[in-house]
Amino acid sequence: MNNLTSKISSLTKKEGSKSVLSSLIAIGLGLVFGFIIILIANPSDALKGFGLLITGGFYRGTKSLGQVFYLAVPIMMTGLSVAFAFKCGEFNIGTPGQYIVGAFTAVYIALKWTFIPNSVLWIVCIIAAGLAGALWAIIPGVLKAFKNVNVVISCIMCNYIGMLLVIEGVKATIFNPAGAESYSVTVDKAIPTFGLDVLFPGSNINFGIVIAIGLCILAYIIMNKTTFGYELKACGYNSHAAKYAGMNEKKCIIMSMAIAGFFSGVGGAIAYLSGTGKTIPIAETLAAEGFNGIPVALLGFNNPIGCIFAALFIGYINVGGNYMQSLNIAVEVIDIIVAAIIYFSSFTLFIKMLFNKRKSNKVKKEGGHE
Amino acid sequence: MEYAIEMLNITKEFPGIKANDGINLQVRQGEIHALLGENGAGKSTLMSILFGLYQPDEGIIKINGKEVQINNPNDANKYAIGMVHQHFKLVHNFTVLENIILGVEETSKGMIKTSDARKKVVELSQKYHLNIDPDAYIEDITVGMQQRVEILKMLFRDNDILIFDEPTAVLTPQEIDELMKIMKGLIKEGKSIVFITHKLNEIKAVADRCTIIRKGRYIDTVNVKDVSKDELSEKMVGRKVNFNVEKTDAKPTDTVLKVENLTYRPKSAHKDVLKNISFEVKKGEIVCIAGIDGNGQSELVYALAGMIAPNEGHIYLNNEDITKSTIRQRTDKGIAHIPEDRHKHGLVLDYSLAENMILKSYYKPKFQKNGFIKFDVMNEYANGLIEKFDVRSGEGGRSITRGMSGGNQQKAIIAREVDSGSDLLIAVQPTRGLDVGAIEFIHSQLVHHRDCDKGVLLVSLELDEVMNVSDRILVMYEGEIVADLDPKQVDVKELGLYMAGSKRGEGYE
């Protein structure tokens, strides 16, 4: 018994498990809050609706689960983008711009570069989209490194410039006059499923989820195992010390933004190459998948692996939300509930703080008995 | 005898370390009671407990004979306990008066009323000879004056028990003398003072009694006038401390560093910070740059290390022109640098101790393969340094550097830089803020480095250090080198004249 409690306490003392626990508590709080909103909006169906929300990911079996993966991919990539830049000390709020620039590049190549065989077209599209996203993120990075311009401000500007440029680009090249939007990428040119559609029949899942998870793992390895990651983190924590140690802190800033932008761009490509008829609208709004990367990064504690689970969770809640429409709960209410849960989930840091405080009090008490 | 404060059998544990282990502190009314201990001995923890910032795991606190519970600094204030922190807690763009009343403002109809407060501040300032202008802005007054504002803050709140946490670390020698006078004035008015320090001279100068703690344990409480400095330091460190640096005569050989006509002017400045500086450092000697703070020493070191680009002049390392080399190239060619600001430059505080140990060598084949860091090699290397240089921390190499005591952070930097085995070691104020045991250790390391036929360039503001450690002294004044002296043939008084700019050495007229 004693052995077990000491094992548990040593486990909770670990920084990582503390993060996971506080994320779980935050999610729990978000769910409670979501339930309260359903109670207010639709008391008669509240319990049933809430049940749908939290089991939605399994509601239709593997179809729903496949849908969770499909919805998780774009925000997993933008979340990874935010998290990666954050580890290097930069707040990359430019994900909507990088995402949509990447998406346009992918769709444009898919539709226009017909000389590339369909079997490799999607690979070219994803890589090109990543590079476009990287280019779009390098601009704030260069401004920060050489002119000390605040990354948040230049990123916001780049978001709007990127979004408007994409609209003009769509109008000039791949405009579908029938719908005031771009043409969509057809299934034959989309990312293949490699049998995932057999595993998850009826869903929109494709190989993109594997690419996304692979990139998260790659980012984790870069961050924690390589000299390059060591440099990036040193710059993020203390750029003066990094400079003193002979690291090139300008290079670090630019590279971290470029890599972050690459992830966002890939996210845009995977979303629009899914073969589900998704199109780029001619509307002056920033891509929601971009900003949704921020709660993913927060919920995942800016850890690349954490981003995988955070994005899956948010995808899961969104799928559940969709099924709630069957109970005649208004789409807007569902959006509010989902947003509230995501919002609460972002309180993980706060909960971790409370957690640490409680722990120190407990340690004190235990010490008193000895 | 009535005690103003009694802290009995105080124990406080942090993960991996027992910061306080059964410590007793009894302060009489109207005395200056020194609290002496090495860096990381647990002085600050003990005072944070008294001030309500931490709760003790065990032990009781009595104020004026009554047992009390102090949960937060407001409680401490209720029991008339005030504290001057090592790093001041002042709002820089507020005036002195605004800072003093902050938190205890009197208001009338929602508006701040300062007239009564101003009267009280002026009265207190006169009574204790603090000479403070209540309307000056904090950012415009000197560090010494800012400290007086902190003292006034305590007096304004009618605190009777005053804690000074290493108050002299940030002061010039003149300001220290002034502070000592003020402290003596305070106890005449019936205040009791706890004076945290590791400087023995100051204890001998003002303290009545002294409690010594070592590695979190209570050692002794003594009457200061009954003990000698040697006895105090022995109690503090746990062994005899040698104040004289043991070293043989220098045997200078080849020139390792040659500086020619170095001139530097910052972009925004109107005058040169470094003026036409030329000097040499040979292998096998310790050259010390002496001078009052702010006479260009920092910029000279930055220029040598490659952190700023000089406007004119050349720097040669082993006869190779490195004026245009990057910081990394200079490190590889053989410059080690113990920086002046250990938090800003020396360490990545959020990295573990082991990660900081390879901060300047992580890219070398020893520590990486194909871009992947060899963490096992890193840990092994770090553990070796930790043992060799006696760097103390809660969890060894895995400890996050931010949580380590200042002295051990400094030891970590010194371990990293000395162990690099570079031909030239630049050490900027390597012993600032350290206790006598650590100072002795660092001085012996510098001498050992010299004896391995390497050059050492030491920048120091401490005259004792300049005189004891160096083989040659260069005095800097207003960006120029004004004298090249032999420490055996010059005394402290004369050195002071050079440093103050009232005398110039031969060949520097």
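Remember, it's a predicted structure, so these values are computed and weren't measured experimentally. (Residues numbered from 1 in each chain as written. Chains lettered and ligands numbered in written order. Predicted model: local features only at pLDDT ≥ 70, side-chain atom pairs only at ≥ 80, totals over all residues.)

1. Concerning the overall build of chain B
Scanning chain B from terminus to terminus reveals 17 helices and 24 strands. Against the globule reference of 23 Å for 509 residues, chain B gives a C-alpha radius of gyration of 25 Å, in line with a compact fold. Along the three orthogonal principal directions, the C-alpha set of chain B runs to about 70 × 50 × 50 Å. Per-residue burial over chain B gives 44% buried out of 509 residues. Expressed as a percentage of contacts within chain B between residues at least 6 apart in sequence, the contacts between residues at least 24 apart total 68%. (Helix = DSSP H or I, 4+ residues; strand = E, 2+ residues; numbered from the N terminus. Rg over C-alpha atoms; globule rule 2.2 N^0.38 Å. Buried ≥ 20, exposed ≤ 12 C-beta atoms within 10 Å, placed from the backbone. Contact = placed C-beta atoms within 7 Å.)

2. As for the overall build of chain A
Across its full length, chain A carries 17 helices and 2 strands. Taking 21 Å as the expected radius of gyration for a compact globule of 370 residues, we find that chain A reaches 22 Å, a close match to that expectation. By its C-alpha atoms, chain A is 75 × 65 × 35 Å across when sized along the principal axes. Scored against the burial criterion, the 370 residues of chain A give a buried share of 51%. For chain A, the share of sequence-separated contacts (at least 6 apart) that also reach a separation of at least 24 residues comes to 78%.

3. Focus on the packing of helix 3 (residues 46-59) of chain A against helix 15 (residues 304-324) of chain A
All names here are of chain A. With their axes 7 Å apart at the nearest point, helix 3 and helix 15 run at an angle of 120° to one another. Classified by the interaxial angle, the pair formed by helix 3 and helix 15 is oblique. Our pair here, helix 3 against helix 15, has a crossing hand that is right-handed. Contacts between helix 3 and helix 15 involve Gly49, Leu52, Leu53, Ile54, Thr55, Gly56, Gly57 and Tyr59 from the former and Tyr316, Ile317, Val319, Gly320, Gly321, Tyr323 and Met324 from the latter. Classifying every residue of the contact of helix 3 with helix 15 by side-chain character gives 9 nonpolar, 6 polar and no charged. (Axes fitted to C-alpha atoms, helices over the stretch in contact; angles between N-to-C directions. Parallel < 35°, antiparallel > 145°, perpendicular 65-115°, else oblique. Left-handed = near helix turned anticlockwise from the far one by under 90°. Nonpolar A, V, L, I, M, F, W, Y, C, P; charged D, E, K, R; others polar.)

4. Quick word on the sheet that holds strand 14 (residues 274-282) of chain B
Residue and element names in this part refer to chain B. Taken in spatial order, the 4 strands of this open sheet run 14-13-16-17, and their pairing is antiparallel. In this open sheet, the two edge strands, each paired with only one partner strand, are strand 14 and strand 17 (320-321). As judged from the 2 bridges shared by strand 16 (residues 312-317) and strand 17, these two strands associate in the antiparallel manner. Residue pairing across strands places Tyr316 opposite Asp321, the latter belonging to strand 17. Along the sheet, helix 9 (residues 297-305) makes contact with strand 13 (255-264), strand 14 and strand 16, crossing strand 14 at roughly 65°. (Pairing = 2+ DSSP bridges.)

5. Quick notes on the interface of chain A and chain B
Frequently, the measure chosen for interface size is the accessible area removed from exposure when the parts meet. The interface of chain A with chain B comprises 17 residues on the first partner and 26 residues on the second. Those elements that place two or more of their residues in the side of chain A that touches chain B are helix 10 (227-237), helix 11 (239-244) and helix 17 (348-369) of chain A. If one sorts the elements of the side of chain A that touches chain B by residue count, helix 10 of chain A sits on top with 5 residues. Split by residue class, the side of chain A that touches chain B holds 7 nonpolar, 7 polar and 3 charged.

6. Let's talk about unusual backbone geometry
Residues and elements named next belong to chain B. We note that Asp390 has phi near 50°; this positive angle belongs to a residue other than glycine. Residue placement: Asp390 occurs in the loop between helix 13 (375-388) and helix 14 (406-419). Residue Asp390 is classed as partly exposed on the basis of its C-beta count, with 13 C-beta atoms lying within 10 Å. We note that Asp453 has phi near 65°; this positive angle belongs to a residue other than glycine. Looking at the secondary structure, you find Asp453 in the loop between helix 15 (436-451) and strand 22 (455-460). The partly exposed category is assigned to Asp453, around which 15 C-beta atoms lie within 10 Å.

7. As for the sheet that holds strand 23 (residues 472-477) of chain B
All names here are of chain B. With mixed pairing, 6 strands are arranged side by side in an open sheet as 18-21-22-15-23-24. Edge positions in the sheet fall to strand 18 (335-338) and strand 24 (480-485), since each has one partner strand and no second. Strand-to-strand twist across the sheet, computed as the mean angle between neighbouring axes with direction ignored, equals 20°. Two elements, strand 15 (residues 286-290) and strand 22, share 5 bridges in a ladder whose sense is parallel.

8. Quick notes on helix 13 of chain B
All names here are of chain B. Between the first and last C-alpha of helix 13 there are 20 Å, a value that for 14 residues agrees with the 20 Å anticipated at 1.5 Å per step. Of all the residues in helix 13, the buried ones are Met378, Ala382, Leu385 and Ile386. Taken down its axis, helix 13 places every buried residue within 100° of arc, on the same side. Helix 13 presents Asp376, Glu380, Glu387 and Lys388 as exposed residues on the side facing more than 90 degrees away from its buried surface. Structurally, helix 13 contributes buried residues whose contacts are with helix 12 (353-357), strand 20 (372-373) and helix 14. Positive phi appears at Asp390, one or two residues downstream of helix 13, with a value of about 50°. (Expected span 1.5 Å × (residues − 1). Arc of directions from axis to C-beta.)

9. Examining the nonpolar core
Ranked by size, the top nonpolar core spans 252 residues in total, and within it A:Met76, B:Ile426 and B:Val475 carry the most contacts. Summarising the domain contributions, this core has at least three residues from each of domain 1 (3-237) and domain 2 (255-499) of chain B. (Core = buried A, V, L, I, M, F, W, Y, C linked by C-beta atoms within 7 Å. Domains from an automatic or database assignment.)

10. What to know about the pairing of strand 1 (residues 3-14) of chain B
Residue and element names in this part refer to chain B. Examined bridge by bridge, strand 1 and strand 2 (residues 17-28) share 8 bridges and lie antiparallel to one another. Along strand 2, the bridge assignment pairs Met7 with Leu25. What sits between the antiparallel neighbours strand 1 and strand 2 is a turn of 2 residues, in which Gly16 has the positive phi angle 85°. Strand direction decides the pairing type here: strand 1 and strand 4 (residues 58-63), joined by 5 bridges, are antiparallel. Within strand 4, the residue paired with Met7 across the bridge is Ile61.

11. Some thoughts on the environment of B:Ala305
All names here are of chain B. With respect to the helices and strands, Ala305 occurs in helix 9. A residue is classified by how many C-beta atoms lie within 10 Å of it, and Ala305, with 21 of them, is buried. Sequence-distant contacts of Ala305, that is, excluding residues within four places in its chain, are made with Ile327, Arg330, Ile335, His337 and Ile426.

12. A short note on the pairing of strand 22 of chain B
Residues and elements named next belong to chain B. For strand 22, the buried fraction is high: 6 of the 6 residues fall into the buried class. Neither face of strand 22 is exposed, since Gly455, Leu457 and Val459 on one face and Val456, Leu458 and Ser460 on the opposite face are all buried. Sheet topology note: the strand 21 (residues 424-428)/strand 22 ladder contains 5 bridges and is parallel. In the strand pairing of strand 22, Leu424 is matched with Gly455. Handedness of the crossover joining strand 21 and strand 22 through helix 15: right-handed. (Right-handed = clockwise from strand over helix to strand, strands pointing away.)

13. Side note on the packing of helix 4 (residues 62-87) of chain A against helix 5 (residues 95-112) of chain A
Two quantities define a packed helix pair, namely the angle between the helix axes and the distance between the axes. All names here are of chain A. In contact at an axis separation of 10 Å, helix 4 and helix 5 are set at 135° when each is read in the N-to-C sense. Of the possible angle classes, the one that applies to helix 4 and helix 5 is oblique. The way helix 4 lies across helix 5 gives a crossing that is right-handed. Contacts between helix 4 and helix 5 involve Thr78, Ser81 and Val82 from the first element and Thr95, Gln98 and Tyr99 from the second. Of the residues contributing to the contact of helix 4 with helix 5, the split by class is 2 nonpolar, 4 polar and no charged.

14. Overview of the domain arrangement of chain B
All names here are of chain B. Looking at chain B, the domain boundaries give domain 1 (3-237) and domain 2 (255-499). Between the C-alpha centres of domain 1 and domain 2 there is a distance of 33 Å. In terms of residues, the side of domain 1 that touches domain 2 owes the most to one element, helix 8 (residues 229-237), which gives 3 residues. Tallied by class, residues from the side of domain 1 that touches domain 2 come to 7 nonpolar, 5 polar and 1 charged.

15. Regarding the environment of B:Glu280
Residue and element names in this part refer to chain B. Mapped onto the secondary structure, Glu280 falls in strand 14. According to the C-beta neighbour criterion, Glu280 is partly exposed, with 17 such atoms within 10 Å. Once the C-alpha coordinates of Glu280 and Leu317 are considered, the two residues, 37 residues apart in sequence, prove to be 10.0 Å apart. In contact with Glu280, other than residues within four places in its own chain, are Thr255, Leu257 and Lys258.

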